[in-house]
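Residue strings, one per chain:
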Amino acid sequence: MTHDNAVPRLPAVSVAGAQALTYGELAALVGTVERALRHDRKALVLCAGDRDLPTLLAYLAGLRLGHTVMFMPASAEILSAYQPEFVLPAPGTEPGLRDLGYVPGEDVTAGVSVFRRRPTRPANDSHTNDIHTNDIHEDTALLLATSGSTGSPKAVRLSYSGLAGNTAAVIRALGITAADCAPTTLPITHAYGLSVVNSHLSAGAGIMLSNRSPLSLAMWDELTRAGATSLAAVPTTYAAFGPAHVALLERTRIHTMTQAGARLADELTVRLWRLMAQRNGRFFVMYGQTEATSRIACLDPADLPARLGSVGVAVPGGTVTIRPTPAHVGARPGEGAVQYVGPGVMLGYATSRADLGRGAEVGILDTGDLGYLREGYLYLTGRTKRIVKVLGVRASLDDLERMVERPGQPAAVVSGADDVVCLFGAGDPAVHEAQRRQLVDSLGVPNRHVEFRAVERLPLTSGGKVDYRRLVAAAATRGRSGGEVGEVARALRSRT
């Protein structure tokens, strides 16, 4: 993914406490890792690390060799399901790999540890010293965990052509140039964070590697020193973006902010847009999915505030359409299932090694989102899986959640058992009780069919989204007694 036409002395990668690497130096290190990953055929390389130089080097080396790179944990379940030829473990997990059939490979520079799968045939077997033939489809570049599935074997199969096409579309949409530098404020094991790395290196720009929280003072000190020009974050990060961060922003060269990963409240969108406009900068609202490699749509800052609530238009080369769906209470005119065709649509899913030999199985991507188009601009309204029936009335949980949204009062709405809707709140109980009554009135159901559960904080996925799966599991505990609510709160705290 490194930019072939980049000036050799341009800083490509900055790491706190270390000398910045030029593109020439980065290429040399990648070449060293390539030698450790050479194989007699297309191989699967599992990278279990994240925002660090060894992981970046292994990723680039794997792609340059034509291998398939897999960003997932090196757990026994995943190793058994996919049997990767090479594993680059997360720090501190090396000893366990030996028990799972992997042995250390040759020593590699820059702290890269490569483990190779032990041969499974006798050494004198004339056919092969491995159990696989050419069983990975030639265009398969990446395996990424689906949203919320990290730790399970299910992965999205992404192609080399899709990766290149989507990266080029992001560069065009954001106007990334060789003068830019982006910090790794997001996990590069996720589509959004990896897209930041891909787009900047492909444009000949720089990246700053750091595994710190995007809200930490240490991260802001590092990105200021590195001369970062952009910042990518999810809504939960921007929601916690306070006066101290605004003051820190003034010390930086940041002129671009991007947001994706979940819906950003309108009030916060306007506030961030104005903040960047005062700096002669830009704030982009974006929309994407792992199944589309990364970005699907982008809202140009020039379209705000007129297009507030929209995620913009399809990225260059892409097309968004709406498929009609059964109506629900409060549905907008033209609302339906969002579908996408364009650069980066996945080949398909995988749950084991046997699935890697399959080619493209998806032409039109059904995103699972609900939305509508207005003059070509996409407005998202919720998820198709979050349409429920309460006493026979079809309703969108996402619509209900937006309806009771209050700044500084985190809340989420999920379905419970027996026609019950549960409101989870991590703010003022009095405010949340008012929200509960509002939901009762909106649904037109008896009072007992909307329950409120107090929690210290809403659980989040590793991608920074509200973890609705945990909330649904907690909602299965019926009743609103203090003891039961306390048990729910403790369960969520222990898993957050």
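The shown structure was predicted, so the numbers you read here are calculated from the model rather than taken from an experiment. Every chain is numbered on its own, with residues counted from 1 as its sequence reads. Only residues with pLDDT of at least 70 are given local features in this predicted model, and only at 80 or more are side-chain atom pairs given and counted; all residues enter the totals for whole chains, interfaces and linings. The basis for every side-chain value is the complete set of non-hydrogen atoms in the structure, without hydrogens or water.

**Q** I'd like to hear about the overall build of the chain, residue by residue, with values.
**A** Each helix is a run of DSSP H or I of at least 4 residues and each strand a run of E of at least 2, with the numbering of both proceeding from the N terminus. Scanning the chain from N- to C-terminus turns up 14 helices and 26 strands. Burial status follows relative accessibility: with a 1.4 Å probe on protein chains alone, a residue under 20% of its type maximum counts as buried, one over 50% as exposed, and anything between as partly exposed. Counting all 496 residues of the chain, 52% fall into the buried class. Of all intrachain contacts in the chain linking residues separated by at least 6 positions in sequence, the fraction that spans at least 24 positions is 66%. The Shrake-Rupley method, run with a 1.4 Å probe sphere, supplies the accessible areas, and residue values consider only the shown protein chains as cover. Of the accessible surface of the chain, which amounts to about 20800 Å², a share of 53% is contributed by carbon and sulfur atoms. Contacts are assigned to residue pairs that have any heavy atoms within 4.5 Å of one another.

**Q** Please provide a residue-by-residue account of the environment of G318, values included.
**A** On the secondary structure map, G318 appears in the loop between β16 (313-314) and β17 (319-324). Residue G318 is classed as buried on the basis of its relative accessible area, which comes to 19%. Note: C-alpha distance between G318 and V345 (27 residues apart in sequence) is 9.6 Å. Contact partners of G318, with chain neighbours within four places excluded, come to Y340, V341, G342 and P343.

**Q** Which residues make up the packing of aromatic side chains, and what values go with them?
**A** Any Phe, Tyr or Trp ring, taking Trp's six-membered ring, that has another such ring centre within 6.5 Å forms a pair; planes under 30 degrees apart are called stacked, those over 60 apart edge-to-face, and the others tilted. Applying the stated rule across the entire model yields 5 aromatic pairs. With 5.9 Å between their ring centres and 45 degrees between their planes, W220 and F241 make a pair best called tilted. Taken together, the positions of W220 in helix α7 (residues 217-226) and F241 in the loop between α8 (235-239) and α9 (243-249) put the pair 21 residues apart, joining distant regions of the chain. F241 sits in the buried class, given a relative accessible area of 5%. When the centroid spacing of 6.4 Å and the interplanar angle of 70 degrees are considered together, the rings of Y238 and F241 count as edge-to-face. We count a charge as sitting over a ring when the NZ of a lysine or the CZ of an arginine lies within 6 Å of the ring centre and within 35 degrees of the ring normal. R307 extends its terminal NZ or CZ atom over the ring of Y377, reaching a point 4.1 Å from the ring centre.

**Q** Any chance you could break down unusual backbone geometry for me, citing the residues and the numbers?
**A** Trans is the common state for peptide bonds, and a negative phi is the common state for residues other than glycine. Going from L304 to P305, the amide bond is cis rather than trans, its omega being 5 degrees. Position of P305 relative to the elements: it lies in the loop between β15 (295-299) and β16. Located in the positive-phi region is T293, a residue other than glycine, with phi close to 70 degrees. Among the secondary structure elements, T293 is positioned in the loop between β14 (282-288) and β15. A positive phi angle, near 55 degrees, is found at E375, a position not held by glycine. Along the chain, E375 turns up in the loop between β20 (365-374) and β21 (377-383).

**Q** An account of the pattern of salt bridges is needed here, citing residue identities and associated values.
**A** Here, a salt bridge means any Lys or Arg side-chain nitrogen found within 4 Å of an Asp or Glu carboxyl oxygen. In this structure the tally under the stated criterion is 25 salt bridges. Between E267 and R271 there is a salt bridge; the shortest N-O distance is 3.5 Å. Note that E267 and R271 are positioned in helix α10 (residues 266-278) at a spacing of 4 residues, about one turn of the helix. Exposure remark for R271: the relative accessible area of 38% places this residue in the partly exposed category. Here R386 makes a salt bridge to E401, at a shortest N to O gap of 3.3 Å. Of this pair, R386 sits in the loop between β21 and β22 (387-390) while E401 sits in helix α11 (residues 397-403), placing them 15 residues apart in sequence. Owing to a relative accessible area of 9%, R386 belongs among the buried residues under this scheme. Salt bridges here are not isolated pairs; linked through shared partners, they connect E85, R117, D135 and R353.

**Q** Got a sec to walk through the sheet that holds strand β11 (residues 206-209)? Specific residues and values, please.
**A** A sheet is described by the order of its strands in space; here 4 strands give the open sequence β2-β1-β11-β10, paired in mixed fashion. Pairing within the sheet leaves two strands with one partner each, and these edge strands are β2 (21-22) and β10 (181-183). Lying on the sheet, α7 is in contact with β1 (11-15), β10 and β11; it crosses β11 at an angle near 150 degrees. Strand pairing is defined by DSSP finding a minimum of two bridges between the two strands. Here an axis means a line fitted to C-alpha atoms, over the contact stretch when the element is a helix, while the angle between two N-to-C directions is reported on a 0 to 180 degree scale.

**Q** Could you give an account of the nonpolar core, naming the residues involved and the relevant values?
**A** Counting 82 residues, the largest nonpolar core has V13, L56, Y59, Y238 and F283 as its most contacted members. With 8 residues, the top contributor of residues to this core is helix α2 (residues 53-64). Formed by 18 residues, the second largest nonpolar core is a distinct cluster that contains M70, V87, L97 and I136. Residue types Ala, Val, Leu, Ile, Met, Phe, Trp, Tyr and Cys, when buried and joined through side-chain atoms within 4.5 Å, form a set referred to as a nonpolar core.

**Q** Lay out the packing of α2 against helix α6 (residues 191-202) with the relevant residues and their values.
**A** Two elements in contact, α2 and α6, have axes whose closest approach is 13 Å; the angle formed by their N-to-C orientations is 65 degrees. The hand of the α2/α6 crossing is right-handed. Only L194, V197, N198 and L201 of α6 make contact with α2, whose side of the interface consists of L56, Y59 and L60. Here the contact of α2 with α6 is built from residues that sort into 6 nonpolar, 1 polar and no charged. It is the rotation of the near helix from the far one that decides the hand of a crossing: anticlockwise by less than a right angle makes it left-handed, clockwise makes it right-handed. Following the grouping adopted for this structure description, the nonpolar residues are Ala, Val, Leu, Ile, Met, Phe, Trp, Tyr, Cys and Pro, the charged ones are Asp, Glu, Lys and Arg, and the polar ones are all others, Gly among them.

**Q** Give me the pairing of strand β12 (residues 230-233): which residues, what numbers.
**A** Residues in a regular strand point their side chains to alternate faces of the sheet. Burial along β12 is two-sided: the face carrying S230 and A232 and the face carrying L231 and A233 are both buried. In the sheet, β12 pairs with strand β13 (residues 256-259) via 4 bridges, with the strands oriented parallel. The residue of β13 that forms the bridge with S230 is T256.

**Q** Give a detailed account of the pairing of β15, specifying residues and quantitative values.
**A** The buried fraction of β15 is high, at 5 of 5 residues. The pairing of β14 with β15 spans 4 bridges and is classified as antiparallel. From the neighbouring strand, V285 faces β15, where its bridge partner is L299.

**Q** Before we move on, can you summarise helix α12 (residues 429-443) with the specific residues and values?
**A** Multiplying one less than the number of residues by 1.5 Å gives the expected span of a helix. Compared with the 21 Å implied by 1.5 Å per residue over 15 residues, the 21 Å span of α12 between its first and last C-alpha is a close match. All of the buried residues in α12 are H432, Q435, R436, L439, V440 and L443. Seen along its axis, α12 keeps its buried residues to an arc of 145 degrees; they face one direction. Along α12, the residues that are exposed and aim more than 90 degrees away from the buried face are A430 and D441. Tucked inside the fold, the buried residues of α12 contact β23 (393-396), α11, β24 (411-415), β25 (421-425) and β26 (450-454). It is the directions from the helix axis to the C-beta atoms that the arc portrays.

**Q** Describe the side chain of T367, and please don't skip the residues or the numbers.
**A** Residue placement: T367 occurs in strand β20. Relative accessible area serves as the criterion here: at 4%, T367 is assigned to the buried category. We define a polar contact as two N or O atoms separated by no more than 3.5 Å, with the added condition that, inside protein, one atom must be a possible hydrogen donor and the other a possible acceptor, whereas residues neighbouring each other in sequence contribute only through side-chain atom pairs. Looking at T367, its side chain comes within polar contact range of the side chain of Y287, at 3.5 Å. When near neighbours in sequence (up to four residues on either side) are disregarded, T367 contacts Y287, Q289, I296, V338, Y340 and R383.

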